[in-house]
Amino acid sequence: MAKKFDIVPLSEWGFFTLPRPCTIAGPCSAESEEQVMETARQLKAVGINVFRAGIWKPRTRPGCFEGVGVPGLKWLQRVQSELGMKVCTEVASERHLFECLKHGIDMVWIGARTSANPFLMQELADALTDIDIPVLVKNPVNPDLSLWIGAIERLYNAGVRKLGVIHRGFSSSGEKRLRNAPQWQIALELRSRIPDMPFFCDPSHMAGCKEYIPELSQRAMNIGLDGLMIESHSSPSCALSDASQQLTPAELINLLESLSIRDNDTSDLAYKENMEQLRAQIDEYDTDLIRILSGRMAVSRKMGEYKKMNNVAILQIVRWDSVMERMKQEAVLHDLDPEFVATVWSAIHEASVKEQNQILGK
Ligand code: PEP
Ligand code: MN
């Protein structure tokens, strides 16, 4: 995308004390004044300064706890005034936003079900014109980078400059272990298109259960993201929403302390030289890969011609299964992850079938 984004750096938002990770923590939902205050107190005690709590909850099925609504905003005001923390919540409509502004909420985020909806995004963007509070945009539920960028652009065009994103993973029928598949490559692509955009990861909604939160948080740090939004509850087992993925404040601080944070870059000359040599090697391999793929595709096109001449269907399932099986075995022999190799070969196969289809259509 050619568009240049001129975004206020995270260090100037006045919310976070760097270094990374800039952390936003708090319960999935504000449930009661006691639960909000107790959780916030415990978080403050372990050094967290930015508190989250859902006031309006977008639930997949009706009948689940749908949030306490406007009265909960007063509890967030208490967190601000008594504990000196910044507070944020999710907004999905102009009405939510106005209530937040009326109650002096410091920052808002837009949830995954809302960023997927251009009508709601435009409504929010219009309502945010001339309003100077930070806005974080979660990725849409479906893995569609353009939709995510579109949501960002609507806000940017409305003048929002304290703008950031939260990667919380994507709904998928394939991924079983995690609640929402990370698909890190989409986050990386967004990072490379808008490098200055403050970038958070929400490992809680990616994981869906406590167990996987540490590895996902570390992964987010490894790819250089700025911060984490993590769900934390003073008594997770009693939580009215997302009970299995919430950490106690004590567990949260243990997790944060266990993360190893590496610099995004270094000025060390030896490092730079070695890195340049390694990058040159990678470039060579990449060029080889393209040459090999092109040769493979030429053979595949030839096969398309033969299939056409002999009136044979393109897809030969038995043959394809055996190719895939062989590649997975080769992967193991060459120290590669068979799942990774299967993904690459599925893409290669899809492209071959597409080319052969075009030949048969001629
Ligand atoms: C949340 O942060 O509580 C939430 C509902 O998240 P998401 O929009 O990522 O599902
Ligand atoms: Mn939640």
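The notes below deal with the structure included here. (Residues numbered from 1 in each chain as written. Chains lettered and ligands numbered in written order. Predicted model: local features only at pLDDT ≥ 70, side-chain atom pairs only at ≥ 80, totals over all residues. Heavy atoms only, no water.)

1. Looking at the site of ligand 1
Stage number 1. What surrounds ligand 1 is a group of 13 residues, the closest being Arg 52, Lys 57, Arg 113, Lys 138 and Arg 168.
Stage number 2. One of the side-chain nitrogen or oxygen atoms of Lys 138 is found 2.8 Å away from an oxygen atom of ligand 1.
Stage number 3. Contact between ligand 1 and Glu 231: an oxygen atom at 3.3 Å from a side-chain N or O atom of the residue.
Stage number 4. Coverage of ligand 1 by the protein chains reaches 97% of its 300 Å² of free accessible surface.
Stage number 5. Of the residues in the shell around ligand 1, the class split is 4 nonpolar, 2 polar and 7 charged. (Near = heavy atom within 4 Å. Polar contact = N/O pair within 3.5 Å; in protein donor to acceptor, adjacent residues only side chain to side chain. Areas by Shrake-Rupley, 256 points an atom, 1.4 Å probe, with all protein chains shown as cover. Nonpolar A, V, L, I, M, F, W, Y, C, P; charged D, E, K, R; others polar.)

2. Focus: the side chain of Lys 307
Stage number 1. Its place among the elements puts Lys 307 in helix 11 (residues 269-309).
Stage number 2. Polar contacts involving the side chain of Lys 307 include one to the main-chain carbonyl oxygen of Ile 314, which spans 2.8 Å.
Stage number 3. When near neighbours in sequence (up to four residues on either side) are disregarded, Lys 307 contacts Val 312, Ala 313, Ile 314, Gln 316 and Gln 356. (Helix = DSSP H or I, 4+ residues; strand = E, 2+ residues; numbered from the N terminus. Contact = heavy atoms within 4.5 Å.)

3. Description of the packing of aromatic side chains
Two numbers describe a pair of aromatic rings. These are the distance of the centres and the angle of the planes.
Stage number 1. By the definition in use, this model includes 5 aromatic pairs.
Stage number 2. Here Trp 13 and Phe 15 contribute two aromatic rings whose centre-to-centre distance is 6.5 Å and whose plane-to-plane angle is 80°, an arrangement assigned as edge-to-face.
Stage number 3. Since its relative accessible area comes to 6%, Trp 13 is described here as buried.
Stage number 4. On the basis of an interplanar angle of 45° and a centroid distance of 5.6 Å, the ring pair of Phe 16 and Phe 200 is categorised as tilted. Here the residue Phe 16 occupies a position in the segment before strand 1 (22-26), and Phe 200 occupies one in strand 7 (residues 199-201), the gap between them amounting to 184 residues.
Stage number 5. Phe 16 sits in the buried class, given a relative accessible area of 11%.
Stage number 6. Take Phe 200: its relative accessible area is 0%, and that puts it in the buried class.
Stage number 7. An aromatic cluster is present here, built from Trp 13, Phe 15, Phe 16 and Phe 200 joined pairwise through their rings.
Stage number 8. Its end group placed over the ring of Phe 15, Lys 86 keeps NZ or CZ at 5.1 Å from the ring centre.
Stage number 9. A cation over a ring is seen here: Arg 177 above Tyr 212, with NZ or CZ 4.4 Å from the ring centre. (Phe/Tyr/Trp six-rings, centres within 6.5 Å; stacked < 30°, edge-to-face > 60°. Buried < 20%, exposed > 50% of the residue type's maximum accessible area, 1.4 Å probe, protein only. Lys NZ or Arg CZ within 6 Å of the ring centre and 35° of its normal.)

4. Things to note about a nonpolar patch on the surface
Stage number 1. There is a patch of nonpolar side chains on the surface, built from Leu 336, Phe 340 and Val 344 and spanning about 240 Å² of accessible area.
Stage number 2. Considering the arrangement of structural elements, one finds Val 344 in helix 13 (residues 338-361). (Patch = residues over 30% accessible without salt bridge, like charges linked within 9 Å, V, L, I, M, F, W, Y side chains within 5 Å. Salt bridge = Lys/Arg side-chain N within 4 Å of Asp/Glu carboxyl O.)

5. Quick notes on the layout of surface pockets
Stage number 1. Approximately 900 Å³ is the volume found for the largest pocket.
Stage number 2. Every element with two or more residues in the lining of the largest pocket is listed here: helix 11, helix 12 (317-333) and helix 13. (1 Å grid on protein atoms, 1.4 Å probe; cavity = no way out; pocket = protein on both sides within 12 Å on 5 of 7 lines; lining within 4 Å. Points joined across faces, edges and corners; volume = space filled by probe spheres on them.)

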